[in-house]
Amino acid sequence: MSDPAAPTPALNPAGQAPTRLAGLREFWYYFSVNRGAVIGLVVFCLLVLVALFAPLLAPHSPIQQYRDALLTPPSWLPGGRPEFLLGTDPVGRDILSRLIHGARFSLLIGAVVVVLSLSTGIVLGLLAGYARGWVDAVLMRVMDLILAFPSLLLALVMVAILGPGLINTMIAIALVLQPHFVRLTRSAVLGELGKDYVTSARVAGAGHLRLMFKTILPNCLAPLIVQGTLSFSTAILDAAALGFLGLGAQPPTPEWGTMLAEARQFILRAWWVVTFPGLAILITVLAINLVGDGLRDALDPKLKRS
Amino acid sequence: MIRFILNRLVLIVPTFIGITIIAFAFVRVLPGDPVLLIAGERGVTAERYQQLMTQFGYDRPLYEQYFSYLFGLFQGDFGTSISTKRPVIRDFLTLFPATVELAVFATLFAVLVGVPAGILAAVKRGSWFDQLTMGTALVGYSMPIFWLGLLLIILFSGVLGWTPVSGRISLTYFFPAVTGFMTIDALLSGQRGAFQSALHHLILPAITLGTIPLAVIARQTRSAMLEVLGDDYVRTARAKGLPPRAVIGQHALRNALIPVVTTIGLQVGVMMAGAILTETIYSWPGIGKWMIDAISRRDYPVVQAGLLLIAMIVMAVNLIIDVLYGLINPRIRHQ
C-alpha cells in the first residue's frame, strides 16, 4: 500500500505496473498544468533538503551565542558583518543558522501531525462509515464536539494540560485536526459502500478488515491526500502560533514561532529578528498550500477541466 | 420556518452537553490536585483542604459534581477567578465587547474587500486582476497572522508613526463605558478626537484579524460566482439583452452570495482563534488575551470558563448563520 501520509506525490517509482505508471503520468499531466503547484513542490523539496542537511548547510551552530555580536543587522546593511548573513538575535545567535535548523522542526511537526491525525482519522472514519449504527453516531458526535471549539483554542488548552513543549504541541494539534479526516473518510466510505465492486468483494467472501482497508480505502484516498496536504500546512502554522504564545517548543529550540516570541520586544529596534522567521513560516506554508491546490485539481475528477 | 429553527435548536443540545462535559473534565485531568488548582492557594493545611473539598463539592460523587456544575452554569455561576477573585462571568462580560468590536471591524474589512474582489476576479476570469487577487488570497490564507501583526507594527507604528502600538484608545481620553464598544462610547462622550483615537487603535488589529477571513471569502466568492455565471438563467438574462451590470448585480450575485454567507459564518471560529493571537500582539484587552494570560498565570477557573463560553459563542453564531441560510435559501429549509 502506498503511504497516504506522503505530502508530495512519489513520482514514477521503478518497476510499477504499467497501469499505475499511466495513472501517475495522467496525474502529473494535470498537476503540472498548475504552474503554482509545481513551484510549490520545488520549494517544498528544497526545504526538505535544507532540513535534511541542516548541520552541513548552517554556517554556525543554532545555539552558539556570539557575545560580541548582539543584534547585528543583516550583512548588506551598515553595521552588518559578512559572517552573519541575516544578522544575529538579541543574544548573538546567527539567525540564518537558526532558520536552517528550524526547518527541521517545522517539517517534523507537519509530518508527525499528519501521520498521527491521518492514521487515527482513517481508522475511526472507516469504522464509523462501515459499522454505522451506534458506533457511527457516537464517533461522529465526539468529532462534532472537537470541531465545536476553535482549533487553536483547544490546542492551547490541551497544551496547558499536558505542559508546554514540542511533543505535546504535536499531540494537541493532531487531535484537533483529526476530526476532518474522520469525516472525510466516513463520507467517502458511505459513497463507496453501495457500489457493485464492494458487493462483489463481499460476495466473494472478503472479511470485514479486508473490505475496509483493501477494497474500500484505496478508493477514498484522493480527498484524504488533499486534506493531508492542507493539514500539513495548518499544523506548521498552529505549531508556530503555539510557539509564539510561549506554549510550543521551548527556547533555545530554533523553532520559527518560538524565535518570533523571543524577538518580539525588539521589533522596533531590530526588524530583522522578526522578519526572517515569519518569512520562513510564510514561504513553507505557502509552498505546501500551492501543492495542495494542485493536488486537488489533479486528483478530483469533478473539478478537472472546469 | 419555526419548525426549522426548533429543529436546529434540538440538534445543538448534544453538542452543548458535550461542551459542558469537556469543560467540567478540564480541571480534573490537569496534572496536580484539582482542589488546590481551583483554589489557587499555597501551603494549605489539612483542615483548610477539607473545607475546600466541601466548598467545591469534590467530596461528592462525580455525576453529582457534574450536575451541580451544570446547575451553576444555568444560574450564571462560571466559577471565580484566582487572580482577580471576581466571578469569571463578570470579567468575561467586561472584556467581551472589546473582542466583539475587533471582530466586527475585522469582518467588515474582510467582507468589504473580499466580496468585491472575488466578484471582480470571477467576472474577469483569467485576467491579470484575477491572477493577482487569487495570488494575494493564497498568500493571505497562508499567512502567520501573528507575524503579519508584528510587521504592520514595524511599518505603520515604527517607520511611519501613523498608528499606536497597543491598547484601545489614548490614555488622554477618559469616559464611562456605556456600551463597552470603544468607538461608540467615544462618539457618545462627545470628546473631540476620541473617536479618531479609537479608530486609530483599531485599524491594525482589525486588518491583522481580518486577513485570513478576507482570503477565504475572496476565494469562495470567486468560485461561487464562477459557478453561477455558467448557469442557464444567467445565460438567459444575458440573451434577453440585459446589460452586464444588471446580469451580475441582480441575477448572478444573489445566488452566488448564498454559500458566501455560510463561509462568513464559519469564519467566526477562525476569528476567535485569531483573536487570541491578535489581542496578544496589540495588547488588546479582550477575551483572547484574557485566556492567554489565564493560561500563563495558571488561573484555571478562567481557562475552564473561557473555553466553555467561547465554544458556546461559536455554537450560537453557527446556529444563527444556519437559520439565516435557511431564510435566504428555501431549498435548505424544506429538506
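Per-chain numbering applies: the sequence of each chain, read as written, is numbered from 1 onward. Written order decides the labels, with chains lettered from A and ligands numbered from 1. It should be noted that, the model being predicted, local features are given only for residues of pLDDT at least 70 and side-chain atom pairs only at 80 or more, the latter also being counted only at that level, while totals for whole chains, interfaces and linings use all residues.

J.: Help me get a handle on the overall build of chain A, residues and values and all.
T.: Starting at the N terminus, helices and strands are each numbered in turn, a helix being any DSSP run of H or I of at least four residues and a strand any DSSP run of E of at least two. When helices and strands are tallied, chain A shows twelve helices and zero strands. Reading the helices (α) and strands (β) of chain A from amino to carboxyl end gives α-α-α-α-α-α-α-α-α-α-α-α. Structurally, chain A occupies a C-alpha span of about 75 × 45 × 35 Å along its principal axes. Each of the 306 residues in chain A was classed as buried or not, and the buried ones make up 45%. Considering only contacts within chain A whose residues lie at least 6 apart along the sequence, 70% involve residues at least 24 apart. Think of it as a crowd count around each C-beta: if 20 or more other C-beta atoms lie within 10 Å the residue is buried, if 12 or fewer it is exposed, and in between it is partly exposed, with C-beta placed from the backbone throughout. Contact definition: two residues whose C-beta atoms, as placed from backbone geometry, lie within 7 Å.

J.: Tell me about the overall build of chain B, residues and numbers included.
T.: Within chain B, the regular secondary structure consists of 14 helices and zero strands. Ordering the α and β elements of chain B from the N terminus gives α-α-α-α-α-α-α-α-α-α-α-α-α-α. Projected onto its principal axes, the C-alpha coordinates of chain B cover approximately 85 × 55 × 40 Å. Relative to its 335 residues, chain B shows a buried fraction of 37%. Residue pairs in contact within chain B that sit at least 24 positions apart in sequence constitute 70% of those at least 6 positions apart.

J.: With reference to specific residues and values, describe helix α12 (residues 272-299) of chain A.
T.: To estimate how far a helix should reach, multiply one less than its number of residues by 1.5 Å. For α12(A), which comprises 28 residues, the first-to-last C-alpha distance of 40 Å matches the rise-based estimate of 40 Å (1.5 Å per residue) to within 8%. Counting buried positions along α12(A) gives 22 out of 28 residues, so the element sits mostly inside the fold.

J.: How would you explain the nonpolar core if you had to name every residue and give the values?
T.: For our purposes the nonpolar core covers buried Ala, Val, Leu, Ile, Met, Phe, Trp, Tyr and Cys residues that link as a set through C-beta atoms within 7 Å. Within the largest apolar cluster, 169 residues are counted, with the highest numbers of intra-cluster contacts made by A:L153, A:A155, A:L156 and A:I173. Not counting the four nearest positions on each side in its chain, A:I173 is found in contact with A:V113, A:A155, A:A235, A:D238 and A:A239.

J.: Help me get a handle on the interface of chain B and chain A, residues and values and all.
T.: Each partner contributes to the interface: chain B provides 36 residues, whereas chain A provides 34 residues. For the side of chain B that touches chain A, the secondary-structure elements that each account for two or more residues are α1 (2-29), α6 (128-141), α7 (145-159), α11 (244-282), α12 (287-297) and α13 (300-328) of chain B. Residues were grouped as follows: Ala, Val, Leu, Ile, Met, Phe, Trp, Tyr, Cys and Pro as nonpolar; Asp, Glu, Lys and Arg as charged; and all remaining residues, including Gly, as polar. For the side of chain B that touches chain A, the residue count by class is 29 nonpolar, seven polar and no charged.

J.: Got a sec to walk through the environment of B:D185? Specific residues and values, please.
T.: Examined against the element boundaries, B:D185 turns out to sit in helix α8 (residues 182-189). Distance from B:D185 to B:H251, taken between C-alpha atoms, is 40 Å for residues 66 residues apart in sequence.

J.: An account of the packing of helix α5 (residues 88-123) of chain B against α11(B) is requested, with residue identities and associated values reported.
T.: All names here are of chain B. In the contact formed by α5 and α11, the axes pass within 9 Å of each other and the chain directions differ by 140°. One finds that α5 runs oblique with respect to α11. The crossing of α5 and α11 is right-handed. Every residue of α11 that contacts α5 at T99, L102, A103, A106, V111, V115, I119 and V123 is listed here: I248, L253, V260, I264, M271, A275 and T278. Tallied by class, residues from the contact of α5 with α11 come to 13 nonpolar, two polar and no charged. Axis definition: a line fitted to C-alpha atoms, limited for helices to the stretch in contact. Angles are taken between N-to-C directions and run from 0 to 180 degrees. The cut-offs work like this: below 35 degrees is roughly parallel, past 145 is roughly antiparallel, 65 to 115 is roughly perpendicular, and the gaps in between are oblique. Left-handed describes a crossing whose near helix is turned anticlockwise from the far helix by less than a right angle; the clockwise case is right-handed.

J.: Describe in detail the packing of helix α2 (residues 35-52) of chain A against helix α4 (residues 95-131) of chain A, supporting the description with residues and values.
T.: Residue and element names in this part refer to chain A. Packing of α2 against α4 leaves a shortest axis separation of 8 Å and a crossing angle of 110°. Classed by the angle they form, the pair α2 and α4 counts as roughly perpendicular. Between α2 and α4 lies a crossing of left-handed hand. When α2 is examined against α4, the residues L47, V48, V50 and A51 are found in contact with a partner set consisting of I100, A103, R104 and L107. Across the contact of α2 with α4, the residue classes break down as seven nonpolar, no polar and one charged.

J.: Could you give me a rundown of helix α5 (residues 133-148) of chain A, with the residues and numbers involved?
T.: For α5(A), spanning 16 residues, the distance from its first C-alpha to its last is 23 Å, which sits close to the expected 22 Å at 1.5 Å a residue. Along α5(A), the residues classified as buried are A:L139, A:M143 and A:A148. Close packing links the buried residues of α5(A) with α4 and α7 (166-193) of chain A together with α1 and α13 of chain B.

J.: I'd like to hear about unusual backbone geometry, residue by residue, with values.
T.: A cis amide bond links A:P251 with the next residue in sequence, A:P252, at an omega value of 5°. You can see A:P252 is positioned in the loop between α10 (221-244) and α11 (256-263). If you check the backbone angles, A:R132 has positive phi at about 55° while not being a glycine. Positionally, A:R132 belongs in the loop between α4 and α5. Take A:R132: there are 14 C-beta atoms within 10 Å of it, and that puts it in the partly exposed class. At B:K85, a position not held by glycine, the phi torsion is positive, near 65°. With respect to the secondary-structure elements, B:K85 resides in the loop between α4 (62-74) and α5.

J.: Outline the confidence of the model for chain A, supporting the account with residue identities and numerical values.
T.: Residues and elements named next belong to chain A. Looking at chain A, pLDDT values average 86 and 92% of them are 70 or higher. Taking the mean pLDDT of every element in chain A, the minimum, 80, falls on helix α1 (residues 18-33) and the maximum, 94, on α2. Low confidence marks residues 1-16, where pLDDT is under 50. Its contacts with residues over four positions away, or in another chain, come to 23 contacts. The predictor attaches a confidence to each residue, and that confidence, scored 0 to 100, is pLDDT.

J.: Any chance you could break down the environment of B:R168 for me, citing the residues and the numbers?
T.: Residue and element names in this part refer to chain B. Following the sequence through the fold, R168 ends up in the loop between α7 and α8. Looking at R168, the number of C-beta atoms within 10 Å reads 23, which means it is buried. As a C-alpha pair, R168 and L202 span 34 residues in sequence and 6.7 Å in three-dimensional space.

J.: Explain the confidence of the model for chain B to me, and be specific about the residues and the numbers.
T.: Of all residues in chain B, 98% have pLDDT values of 70 or greater, and the mean over the chain is 85. Reported confidences for the modelled complex are a pTM of 0.87 and an ipTM of 0.86.

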